[in-house]
Amino acid sequence: MLISNLCVKRKFGTVADASTKGHKLCVKGGYIHQTFQGGYTLSPLGYKVCRNIERIIREEMDAIGGQEILMPVVSGADIWKESGRYDKVDVLAKFKGRNGADYVLNPTHEEVVVDFVKSVLDSYKQMPFMVYQIQTKFRDELRSRAGLVRTREFRMKDAYSFHLTQEDLEKFYAECLQAYYRIFKRIGMKNVVDVKSDNGDMGGSISHEFMLLHEIGEDTVYVCPCGFRANRETMGESKICPVCGKPLAEHRGIEIGNIFQLGDKYSKSMHLEYTAQDGTKKNPIMGCYGIGVGRAMASVIEESADDNGPIWNMEIAPYKVHIVTMADKTGESDKLGQKIHDYLTEKGVEVILDNRDIRAGEKFADADLLGAPVRLIVSPKNLEKGVIEVKYRHPDYQHLANELPIQNFEQALDTLLGECK
């Protein structure tokens, strides 16, 4: 990809109506465009990051037996009335079709997934299983904030598991909790904790929120060195650890995921049944598990970015390698830059080439906003030395080589990229 052809407009200077560092950088880097208050169009850059996050989520959900499905954004109001939530969920957006039928924009998909599972579940022999999707949601929030951290329309991974017993649910719930930690680590988040939380509109008994500890977070998280963690709703007014009796440390947190043990709340109210081993009809036990994709992208920026732009790891970066060429009279820099670009493209590496005839400072400022982990600089000075200069946006890679030989650069690049894991 040539940067001159990239359908992205990078901005410099003050960003109006952006209250956080991450939101400002998303706008400056051209990752998002506000279409309406709380709804954003993702540019090719933003969408690449989100697709990479989705790939990680899919890999980890598949690894614990998840089966991907896709449910509709809109559903009939009848299933929400059947579950008893139609008049209880304050963010539920309702509308009428031209035929007079009542519809909702799904803020979550418990009702829809139960309706689907009714069509496939017959016997106890089919359980346990988990289905998941990555789909658009709409929540009629009173306010949005911090770009993709809190929106009205968003993409979310939501998963739903079905079990014969509470014990089996608890076993899978623990597996999913660990899968979430793997996902957040691969995405590049560092200060993530799980905390016990209130189930709220979801119902059920036990639930956990995954919090990225960060000063812009809306939630309050209490943490004790003994390992106890909880949110404000769970703790109430107490600031003392109920386990060891020591004072709790108070942090701000961004909610980046949640998991719930739903029990039979939805299966019973919506009459989802299976035939048990003894021939009787029973309601399966359910769990659900959510991660906001756009919020994950925004949270990585909030936690990791510097003043110049996002800092992506190799797993989620929109481009893994950014080639910057400095013009020379012979055109050799541009020729080598194009040669490196073509080689990496053939190898399946996401690479972007900046061979524009502009000042070096502008090129480097744009490169910081794109945030590719590896930056290759081809200049007349480096050509004289017979090397390609290497700079790293991500701190995990800065111990690696800062120069590559031009001769046999292919082998040197393969080795370098193999080390950037």
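Everything numeric in this text was worked out from a predicted model, so none of it was measured.

How each quantity is defined
Residues numbered from 1 in each chain as written. Predicted model: local features only at pLDDT ≥ 70, side-chain atom pairs only at ≥ 80, totals over all residues. Heavy atoms only, no water. Disulfide = S-S within 2.5 Å. Buried < 20%, exposed > 50% of the residue type's maximum accessible area, 1.4 Å probe, protein only. Salt bridge = Lys/Arg side-chain N within 4 Å of Asp/Glu carboxyl O. Helix = DSSP H or I, 4+ residues; strand = E, 2+ residues; numbered from the N terminus. Pairing = 2+ DSSP bridges. Axes fitted to C-alpha atoms, helices over the stretch in contact; angles between N-to-C directions. Contact = heavy atoms within 4.5 Å. Core = buried A, V, L, I, M, F, W, Y, C linked by side-chain atoms within 4.5 Å. Expected span 1.5 Å × (residues − 1). Parallel < 35°, antiparallel > 145°, perpendicular 65-115°, else oblique. Nonpolar A, V, L, I, M, F, W, Y, C, P; charged D, E, K, R; others polar. Phe/Tyr/Trp six-rings, centres within 6.5 Å; stacked < 30°, edge-to-face > 60°.

A. Representation of the state of the cysteines. For the coordinates displayed, the defined rule picks out zero disulfides. Take Cys-7: it sits in no disulfide, and the sulfur closest to it among the cysteines is that of Cys-50, at 16 Å. Taking relative accessible area as the criterion, Cys-7 reaches 62% and is therefore assigned exposed. Unpaired in this structure, Cys-26 has its nearest cysteine sulfur neighbour in Cys-50, at a distance of 8.9 Å. Assessed through its relative accessible area of 2%, Cys-26 is described here as buried.

B. The pattern of salt bridges, seen in detail. Within this structure, the stated rule accounts for 35 salt bridges. With its nearest N and O atoms 2.7 Å apart, the salt bridge here joins Glu-111 to Arg-85. A residue pair is termed long-range when its members are at least 10 positions apart, and Glu-111 in helix α4 (residues 110-118) and Arg-85 in the loop between α3 (77-83) and β5 (93-96) qualify at 26 residues. Arg-85 shares its class with Glu-111; the two are buried. One network of salt bridges, in which partners are shared, links Arg-55, Glu-59, Glu-60, Arg-182, Arg-186 and Glu-315.

C. Examining the sheet that holds strand β21 (residues 403-405) more closely. Spatial strand order, β18-β17-β19-β20-β21: five strands in an open sheet with mixed pairing. Of all the strands in the sheet, the pair left with one neighbour each is β18 (351-354) and β21. Averaged over all adjacent pairs, the angle separating strand axes in this sheet is 25°, with direction ignored. Bridge count for strand β20 (residues 387-392) against β21 is three bridges, and the pairing is antiparallel. Paired with Val-387 across the strands is Pro-405, a residue of β21. Docked against the sheet, helix α12 (residues 409-419) engages β17 (321-325), β19 (374-378), β20 and β21, running at close to 145° with respect to β21.

D. Broad picture of the nonpolar core. Residues Met-61, Tyr-180 and Met-297 are the most contacted members of the largest nonpolar core, which totals 61 residues. Top element by residues in this core is helix α5 (residues 166-187). It accounts for 10 residues. The contact partners of Tyr-180, leaving out residues within four places of it in the chain, are Met-61, Lys-157, Phe-210, Gly-257, Asn-258, Ile-259, Tyr-289, Gly-290 and Ile-291. Ranked by size, the runner-up nonpolar core spans 29 residues in total, among them Trp-80, Met-127, Val-131 and Cys-288.

E. Main features of unusual backbone geometry. In this structure, the amide linkage connecting Met-127 to the following residue, Pro-128, adopts the cis form with an omega of 5°. In this structure, Pro-128 sits in the loop between α4 and β7 (129-138). Even without being glycine, Ala-146 reaches a positive phi, approximately 55°. Along the chain, Ala-146 falls in the loop between β7 and β8 (153-163). Although it is not a glycine, Asn-408 sits at a positive phi angle of roughly 60°. With respect to the secondary-structure elements, Asn-408 resides in the loop between β21 and α12. The class for Asn-408 is exposed, based on a relative accessible area of 53%.

F. Spatial organisation of helix α2 (residues 44-63). Between the first and last C-alpha of α2 there are 28 Å, a value that for 20 residues agrees with the 28 Å anticipated at 1.5 Å per step. Considered for burial, the residues of α2 that qualify are Leu-45, Gly-46, Val-49, Cys-50, Asn-52, Ile-53, Glu-54, Ile-56, Ile-57, Glu-60 and Met-61. Directly beyond the C-terminal end of α2, a positive phi value near 95° is found at Gly-65.

G. Fine view of the sheet that holds strand β6 (residues 102-105). Here we have three strands laid out as an open sheet, ordered β4-β6-β5, and antiparallel in their pairing. The strands lining the two open edges of the sheet, one partner per strand, are β4 (74-76) and β5. The mean angle between the axes of side-by-side strands here comes to 35°, regardless of whether they run parallel or antiparallel. Sheet analysis places β4 next to β6, joined by three bridges and oriented antiparallel. When the bridges of β6 are listed, Gly-76 appears paired with Tyr-103.

H. Representation of the packing of α2 against helix α8 (residues 293-304) in the model. Remark: α2 packs on α8, axes separated minimally by 9 Å, with the N-to-C direction vectors making an angle of 110°. Put simply, α2 runs roughly perpendicular to α8. Residues Gly-46, Val-49, Cys-50, Ile-53, Glu-54 and Ile-57 of α2 lie in contact with α8, whose contacting residues are Val-293, Gly-294, Ala-296 and Met-297. Residues of the contact of α2 with α8, tallied by class, amount to seven nonpolar, two polar and one charged.

I. Main features of the packing of aromatic side chains. The full count for this structure, using the stated rule, is 10 aromatic pairs. Between the aromatic rings of Tyr-343 and Phe-409, the centroid separation amounts to 6.0 Å while the plane-to-plane angle is 85°, which identifies the pairing as edge-to-face. With Tyr-343 in helix α9 (residues 332-346) and Phe-409 in helix α12, the pair connects residues that are 66 residues apart, well separated along the chain. Per residue, the accessibility class of Tyr-343 equals that of Phe-409, and both read buried. Clustering of aromatic rings is evident, with ring pairs tying together Tyr-180, Tyr-181, Phe-184 and Phe-210.

Fair warning: the whole summary comes from geometry, so function is off the table for now.
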